[in-house]
Amino acid sequence: MFILAAVLVAFFVSAEAEAARSCRSAGIVQKASRSFIAAARSGSEAAFERALRRHLAISRIALFALGRQARRLSAKDRRRYINLAARYIARQMAARSGAFRNARVEILRCRGNLVEGKVLPRGEIMRWRVKGSRIVDVNMSGVWLAMALRDHFRTLIRRKGGDVHAFLASLK
């Protein structure tokens, strides 16, 4: 869970303006990073949730993370799950935001919808996938956010005996 939270928090640090001017996707990453670094400085779950909803394709990420279980939910439960997942992610990010309050990202490359950067001062490489005006996934230290979240949620569902509704209740 720590790696997942570290990926989530590190994803949202500031980006280089020069690279953002040359690539639309890098500009999207830069804009999102400003929101997330402000949230990290405040440590506020609400600030993280606002930034998540504004800059990420949160529905897409959350539904991917739930996997085939998502098809078993009614439309109402699916919306409830997406809201719970966003709050859960925001809570994890806020809990670990202190380590990233002063970090920044240097954009290294931008090719279409894939942006690559380096987290400073740590030097870790990150990659962001962008679709339209939203970030759809982020990779840090070889771990993609959506896959890490899916693995984590599968474990939580298993612990609830495969009961997706019990899992939803546990996200609160």
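Structural data are supplied above this passage.
**Things to note about the environment of phenylalanine 153**
Stage number 1. Following the sequence through the fold, phenylalanine 153 ends up in helix α7 (residues 145-159).
Stage number 2. Put simply, phenylalanine 153 and leucine 171 are 18 residues apart on the chain and 9.7 Å apart in space, counted from C-alpha to C-alpha.
Stage number 3. Beyond its immediate stretch of four places on either side in the chain, phenylalanine 153 contacts Ala65, Tyr81, Ala85, Tyr88, Phe167 and Leu171.

**Section: the side chain of glutamate 49**
Stage number 1. Mapped onto the secondary structure, glutamate 49 falls in helix α4 (residues 45-55).
Stage number 2. A distance of 3.0 Å separates the side chain of glutamate 49 from the side chain of arginine 53, its partner in a polar contact.
Stage number 3. When neighbours within four sequence positions are excluded, glutamate 49 is seen to be in contact with Asn83, Ala86, Arg87 and Ala90.

**Topic: the state of the cysteines**
Stage number 1. Enumeration over the complete set of coordinates arrives at one disulfide.
Stage number 2. Disulfide pairing places cysteine 23 opposite cysteine 110 at an S-S distance of 1.7 Å. Remark: cysteine 110 occurs in strand β1 (residues 104-111) and cysteine 23 occurs in the loop between α2 (17-22) and α3 (24-42); sequence separation between them is 87 residues.
Stage number 3. Classification of cysteine 23 by relative accessible area gives buried; the value is 11%.
Stage number 4. According to the relative accessible area criterion, cysteine 110 is partly exposed, its value standing at 24%.

Reading the values: the criteria
- Residues numbered from 1 in each chain as written.
- Predicted model: local features only at pLDDT ≥ 70, side-chain atom pairs only at ≥ 80, totals over all residues.
- Heavy atoms only, no water.
- Helix = DSSP H or I, 4+ residues; strand = E, 2+ residues; numbered from the N terminus.
- Contact = heavy atoms within 4.5 Å.
- Polar contact = N/O pair within 3.5 Å; in protein donor to acceptor, adjacent residues only side chain to side chain.
- Disulfide = S-S within 2.5 Å.
- Buried < 20%, exposed > 50% of the residue type's maximum accessible area, 1.4 Å probe, protein only.

Function-wise, these values are silent; they only describe arrangement.
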